[in-house]
Amino acid sequence: MKDPRTDIRAIFDAGLKAADPGEAVKRTVRRSGERLEIGDRRYDMATFDRVLVVGAGKAAASMAAALEDILIERITGGVIITKYGYGCSLKRIPVLEAAHPIPDEAGVLGSRRILDLLERAGERDLILCLISGGGSALMPMPIGDISLDDKQETTQALLECGADIHEINAIRKHISGIKGGRLAEVAFPATVVALVLSDVIGDDLDVIASGPTVPDRSTFADCMEIVNRYDLESALPLSVIAYLKEGVEGKHPETPKPADVLFDKTAALVIGSCALSLFAAKEKAAALGYNAMILSSSIKGETREAAKVHAAVAREMRQSGNPVPAPACMISGGETTVTIRGGGLGGRNMEFVLAAAIELDGFAGITVLSGGTDGTDGPTDAAGAIADGSTIRSAREKGIDAVRCLMNNDSYHFFNATGDLLVTGPTMTNVMDLRIFLVAGD
């Protein structure tokens, strides 16, 4: 007899392995003597006096370790900022840890060290910038009269209002001295090459970690539209609202745009993304005997609604064999949003599984897992959760009301009580979320 929970975890782990940031760097960066190949670009390192490595993100330390293996004696120095618990000891590149998703003073100090280093860069310097998901929160550099407390309050309000990552980062870029192309602006006239591990739908370079080395397409006007769309004017600090409004009036410089000459000396490559994880998960599912399909790598929107749609497709597979017959595995990726309405504890993956479990209550033969590939779901120690058609009944027998927990955004305590939390610990990577449904055959 197949154990669906063992299988579903093995499929998830295969997706994680494919997102290994060190392997992504080694696939992209090749060296032969002083000849350096990064993707399809070639650089003669003999023309550079210094090679500096900077960057931020949950995967940044692992990426830097791989880069040291390739370039060790040519690396002059640098600074990497990663999340608490995600660091490692490197030979030539200092690794600092800071808070995510709400920035802290350690992140500000680390960002200042990066900017201080780049402000001294010249034409004969090569800057290798390592960027991954989480980099936006890990590189806070408040601008103008905006304080770190103001940025923390802004980030919290944006995370709770239901805004997507594009909207959140548009505002974060415009209240930062390092995001939205401004890191490249500080480094100019040095040559800048960014290696990027994507954690956003569409792999938009100006959204991943708020695009510190690429042109910014958003404007101050876009930011104020987002503020109005989510009724945030009273929720955001006065200093932030004032700065954005002054920006609309032309009193503050816009973030660098595509026509800026500084981008003539920059390049950015996506070296890993959610798609690689999905295909690896699909291959593992097929090897385990499932008819596997990828629903989409771009799932977004409200978590609870996405869970209902996924559960409906899984039920259809079980009942009619469409769109693929059982035993089946349906896989999707992307990043949904949770609009906070209650006072509980959880994250979008646990909330997805709880909402799906309610839809599948009493429906035998379907198992669901949703997990963050970074190993963290919301402000918890879990990556996500696992459930099946018996989960809600088991909770009910323990006196736990699943619907009440969902309405209170309290998925963590629900799954902690049922023993169904998905705990991976730090994965050192981040390519959005991975969702898996297994549908048993007759």
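Residues numbered from 1 in each chain as written. Predicted model: local features only at pLDDT ≥ 70, side-chain atom pairs only at ≥ 80, totals over all residues. Heavy atoms only, no water.

1. Details of the side chain of Arg435
Within the secondary structure, Arg435 sits in strand S15 (residues 433–439). In this structure the side chain of Arg435 is engaged in a polar contact, spanning 3.0 Å, whose partner is the backbone oxygen of Gly333. For Arg435, the residues in contact, after removing those within four places along its chain, are Ile299, His310, Met330, Ile331, Ser332, Gly333, Gly334, Thr336, Phe352, Leu369 and Ser370. (Helix = DSSP H or I, 4+ residues; strand = E, 2+ residues; numbered from the N terminus. Polar contact = N/O pair within 3.5 Å; in protein donor to acceptor, adjacent residues only side chain to side chain. Contact = heavy atoms within 4.5 Å.)

2. Points about the packing of aromatic side chains
On inspection of all chains with the given rule, the structure shows three aromatic pairs. Ring geometry for Phe414 against Phe415: centres 5.0 Å apart, planes inclined by 90°, an arrangement best described as edge-to-face. By relative accessible area, Phe415 is classed as buried at 0%. Lying across the ring of Phe352, Arg435 places its NZ or CZ 5.5 Å from the centre. (Phe/Tyr/Trp six-rings, centres within 6.5 Å; stacked < 30°, edge-to-face > 60°. Buried < 20%, exposed > 50% of the residue type's maximum accessible area, 1.4 Å probe, protein only. Lys NZ or Arg CZ within 6 Å of the ring centre and 35° of its normal.)

3. Let's talk about the packing of helix H7 (residues 165–174) against helix H9 (residues 220–229)
Helix packing geometry: the angle between the two helix axes and the distance between the axes. Direction vectors running N to C along H7 and H9 enclose 130°, while the axes themselves pass 9 Å from each other. Here H7 lies oblique to H9, going by the angle between them. Crossing angle aside, the handedness with which H7 passes H9 is left-handed. Note on element contacts: H9 touches H7 through Phe220, Cys223, Ile226, Val227 and Arg229, opposite Glu167, Ala170, Ile171 and His174. Of the residues contributing to the contact of H7 with H9, the split by class is six nonpolar, one polar and two charged. (Axes fitted to C-alpha atoms, helices over the stretch in contact; angles between N-to-C directions. Parallel < 35°, antiparallel > 145°, perpendicular 65-115°, else oblique. Left-handed = near helix turned anticlockwise from the far one by under 90°. Nonpolar A, V, L, I, M, F, W, Y, C, P; charged D, E, K, R; others polar.)

4. Some thoughts on the nonpolar core
Among soluble globular proteins, nonpolar side chains are generally buried collectively. Within the largest apolar cluster, 35 residues are counted, with the highest numbers of intra-cluster contacts made by Met317, Leu354, Phe414, Phe415 and Phe437. With seven residues, the single largest contributor to this core is helix H13 (residues 348–359). Counting 33 residues, the second largest nonpolar core, distinct from the first, contains Met63, Ile70, Leu90 and Leu197. (Core = buried A, V, L, I, M, F, W, Y, C linked by side-chain atoms within 4.5 Å.)

5. Regarding the environment of Gly247
Tracing the backbone through its elements, the reader meets Gly247 in helix H10 (residues 238–248). Not counting residues within four places of it along the chain, the set of residues in contact with Gly247 comprises Phe220 and His252.

6. Things to note about the state of the cysteines
For the structure on display, the rule yields zero disulfides. The cysteine Cys88 is free of any disulfide, with Cys129 supplying the nearest cysteine sulfur at 17 Å. Summary of cysteine pairing: Cys329 is not part of a disulfide, and the nearest cysteine sulfur, belonging to Cys274, is at 14 Å. A relative accessible area of 0% places Cys329 in the buried class. (Disulfide = S-S within 2.5 Å.)

Limitation: the analysis is restricted to geometry and does not speak to function.
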